[in-house]
Amino acid sequence: MTRHHAGSAAGRKKEPAMGTLISNAMHSSAQGFVGVTLIFVYFAVMMAAIVYRIKKADHMEH
């Protein structure tokens, strides 16, 4: 006997998180699209700053 929970992903193909985000943004209102775009830009800037600081080794100064 198998158990299936409501809302489980059983039998569905798991889509990548970024693909889901972009797909949902395309189907949302203008405000939703702008919001998702700004979140994505913020995330990209944050990741770039993290990589820059690690390569520069600022985090090593104590």
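This text gives an overview of the structure that appears in the document. Small disclaimer: the values here were computed from a predicted structure and weren't measured.

Below, the discussion takes up the overall build of the chain. Tallying secondary structure elements over the chain gives two helices and zero strands in all. The buried share of the chain, reckoned over its 62 residues, is 2%. As displayed, the chain has an accessible area near 6,000 Å², and 68% of this comes from carbon and sulfur atoms.

Moving on, we come to a nonpolar patch on the surface. Taken together, the side chains of Y42, F43, M46, M47, I50 and I54 present a nonpolar region at the surface, about 590 Å² in accessible area. Tracing the chain through its elements places F43 in helix α2 (residues 30-56).

In a regular helix each residue adds 1.5 Å, so 27 residues correspond to 39 Å; α2 covers 39 Å between its end C-alpha atoms and thus fits that length. A positive backbone phi angle near 70° is found at A57, which sits one or two residues after α2.

To continue, consider the packing of helix α1 (residues 17-26) against α2. At a minimum axis separation of 8 Å, α1 and α2 run at an interaxial angle of 150°. In this view, α1 runs roughly antiparallel relative to α2, as classed from their interaxial angle. The handedness of the crossing between α1 and α2 comes out as left-handed. Mapping the contact onto sequence places M18, L21, A25 and M26 in α1 and F33, V36 and F40 in α2. For the contact of α1 with α2, the residue count by class is seven nonpolar, no polar and no charged.

It is worth spelling out the environment of M26 at this point. Within the element layout of this structure, M26 appears in helix α1. Judged by relative accessible area, M26 falls into the exposed class, the value being 59%. C-alpha separation for the pair M26 and V36, spaced 10 residues apart in sequence, amounts to 9.7 Å.

The rules behind each value
Residues numbered from 1 in each chain as written. Predicted model: local features only at pLDDT ≥ 70, side-chain atom pairs only at ≥ 80, totals over all residues. Heavy atoms only, no water. Helix = DSSP H or I, 4+ residues; strand = E, 2+ residues; numbered from the N terminus. Buried < 20%, exposed > 50% of the residue type's maximum accessible area, 1.4 Å probe, protein only. Areas by Shrake-Rupley, 256 points an atom, 1.4 Å probe, with all protein chains shown as cover. Patch = residues over 30% accessible without salt bridge, like charges linked within 9 Å, V, L, I, M, F, W, Y side chains within 5 Å. Salt bridge = Lys/Arg side-chain N within 4 Å of Asp/Glu carboxyl O. Expected span 1.5 Å × (residues − 1). Axes fitted to C-alpha atoms, helices over the stretch in contact; angles between N-to-C directions. Parallel < 35°, antiparallel > 145°, perpendicular 65-115°, else oblique. Left-handed = near helix turned anticlockwise from the far one by under 90°. Contact = heavy atoms within 4.5 Å. Nonpolar A, V, L, I, M, F, W, Y, C, P; charged D, E, K, R; others polar.

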